[in-house]
Amino acid sequence: MMNTILAKADKAAVEKAAALLAAGQIVAIPTETVYGIAASALNGAAVKKIFEAKGRPQDNPLIVHIDRLEMLKGLVATVPEKALALAAAFWPGPLTIILPRGPKVADEVCAGLDTVAIRMPSHPVARAVIAASGLPLAAPSANRSGGPSPTTAADVLADMEGRLPLILDGGSCGVGVESTVITLAGQTPVLLRPGFVTKEQLEQVLGCPVELAGAVLHQLKEGETARSPGMKYKHYAPKAHVTILRGDLDAYRAYVSGHAGPGVWALCFDGEGEGLPVPSVSYGAREDDASQARELFSALRRLDEQGAERVYARCPHIGGVGLAVYNRLVRAAAFEVVEL
Ligand code: AMP
Ligand code: MG
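Residues numbered from 1 in each chain as written. Chains lettered and ligands numbered in written order. Predicted model: local features only at pLDDT ≥ 70, side-chain atom pairs only at ≥ 80, totals over all residues. Heavy atoms only, no water.

Chemist: It is not clear to me how the overall build of the protein should be interpreted in this structure. Could you clarify?
Modeler: Counting secondary structure elements, the protein contains 10 helices and 16 strands. Seen through its principal axes, the protein has C-alpha atoms that stretch 60 × 50 × 35 Å. Looking at the protein residue by residue over its 340 residues, the buried ones come to 56%. In the form shown here, the protein has an accessible surface area of approximately 13,800 Å², with 51% of it arising from carbon and sulfur atoms. (Helix = DSSP H or I, 4+ residues; strand = E, 2+ residues; numbered from the N terminus. Buried < 20%, exposed > 50% of the residue type's maximum accessible area, 1.4 Å probe, protein only. Areas by Shrake-Rupley, 256 points an atom, 1.4 Å probe, with all protein chains shown as cover.)

Chemist: Could you clarify how one ought to interpret the sheet that holds strand β15 (residues 310–314) in this entry?
Modeler: Sheet strands line up and pair through hydrogen bonds in the backbone, either parallel or antiparallel. Pairing is parallel across the open sheet formed by five strands, whose spatial order is β14-β13-β15-β12-β16. The two strands at the open ends of the sheet, each matched to only one other strand, are β14 (280–282) and β16 (337–339). Across this sheet, the average inter-strand angle for adjacent strands is 25°, counted without regard to direction. The pairing of strand β12 (residues 241–246) with β15 spans five bridges and is classified as parallel. Following the sheet pairing, Val242 is matched in β15 by Val311. Against the sheet, helix α8 (residues 249–258) engages β12, β13 (264–268), β15 and β16, with an angle of about 170° to β15. Lying over the sheet, helix α10 (residues 321–332) contacts β12, β13, β15 and β16, oriented at roughly 135° with respect to β12. (Pairing = 2+ DSSP bridges. Axes fitted to C-alpha atoms, helices over the stretch in contact; angles between N-to-C directions. Contact = heavy atoms within 4.5 Å.)

Chemist: What am I meant to see in the sheet that holds strand β1 (residues 5–8) here?
Modeler: As summarised here, the arrangement of the 11 strands in space is β1-β8-β2-β3-β7-β4-β6-β5-β9-β10-β11, forming an open sheet in which the pairing is mixed. Each edge of the sheet is formed by a strand with only one pairing partner; in this case those strands are β1 and β11 (211–212). Pairing of strand β4 (residues 63–65) with strand β6 (residues 115–119), which is carried by three bridges, proceeds in the parallel orientation. Residue pairing in the sheet places Val64 in a bridge with Ile118 of β6.

Chemist: Got a minute to help me understand unusual backbone geometry in this structure?
Modeler: The phi angle of most residues is negative, glycine excepted, and most peptide bonds adopt the trans form. Omega for the bond connecting Trp91 with Pro92 falls within 30 degrees of zero, at -10°, which places this linkage in the cis form. In this structure, Ala334 is a non-glycine residue whose phi angle is positive, near 50°. Tracing the backbone through its elements, the reader meets Ala334 in the loop between α10 and β16. In the Ramachandran plot, Phe335 falls in the positive-phi region, its phi being about 65° despite a non-glycine side chain.

Chemist: Explain the packing of aromatic side chains to me, please; I cannot follow it from the model alone.
Modeler: Remark: the centre distance and the inter-plane angle together describe each pair of aromatic rings, the angle taken between the planes. Under the defined criterion, the tally for this structure stands at three aromatic pairs. Arranged with centres 4.9 Å apart and planes meeting at 45°, the rings of Phe269 and Tyr283 form a pair that is tilted. Taken together, the residues span a long stretch of sequence, with Phe269 in the loop between β13 and β14 and Tyr283 in the loop between β14 and α9 (289–305) at a distance of 14 residues. There is no split in this pair, since Phe269 and Tyr283 are both buried. When the ring centre of Tyr252 is taken as reference, the NZ or CZ atom of Arg314 above it lies at 5.6 Å. (Phe/Tyr/Trp six-rings, centres within 6.5 Å; stacked < 30°, edge-to-face > 60°. Lys NZ or Arg CZ within 6 Å of the ring centre and 35° of its normal.)

Following this line, the structure appears as structure tokens:
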């Protein structure tokens, strides 16, 4: 176990992070989506340390973070017109684009695929660390594999203390769910993971339909291959057994009341827990999917801290940013959804 320093992300801490990264170490950094564990994407031995710290399966590739388009040189084989259009519209921001892989990326980043995932984050600390190191940074979410992603530096410390030398504290993440992932490596664009940049926004910029990968809303069937390896794993799950209840508030309240008992908690929207016979944690406002995205992971972590064993979750609206919220929640619930 090593000593983990939690440092406010000032200029000196950013420089310290850049020096560690240049020396082949890993560092946790804030981004606008969630906190990430970063390593140089050019250094295979450094990237391996990310997989070890997270306990991440080796065949799940990482996203490479850049701070300017010139950094794409050598990371990708080609930059199609469609990628330039998406970059112009959404970068810097919470969109990851999968492209044919270039020669400079370490093999460990791509997990054996001939494609690479690229994102240009908007968070000032993430950008400062990339700029100070001059390195493209491979960075998955800074949680232990399978658990909820971290949206504060304290969340990272809870999961990663002793596993990395430095965590930069840049406050709470504004988006709260991981980036939207779209692939432009095939014939048609496919949305592999929904996020804050929505399918509708992508289609508007591309001027063509974007296919939704099957694994976004449903469990992969036996024999079906994941187009994005991350989708085949149990994911985002708290310790509690979570069930999503899909229906209106009255039906939700009736169901939860009928299933009250020790260790039972409600995961609902702001103000909806009042009058329920079980304790509750809320995750945003019912009509505000961005607030749900921002609060979901921290709500799941709070349920664990409280020792919740059985959680009945309100179902978000499955569209727009709500598609990303539902995608994370349904995995946290191991796809257990009750239609009320
Ligand atoms: P994380 O960094 O933890 O947010 O996970 C990154 C996500 O992007 C995972 O779901 C990966 O499977 C996916 N991903 C990364 N690289 C690729 C790639 N080359 N092709 C398809 N999916 C990818
Ligand atoms: Mg992750």
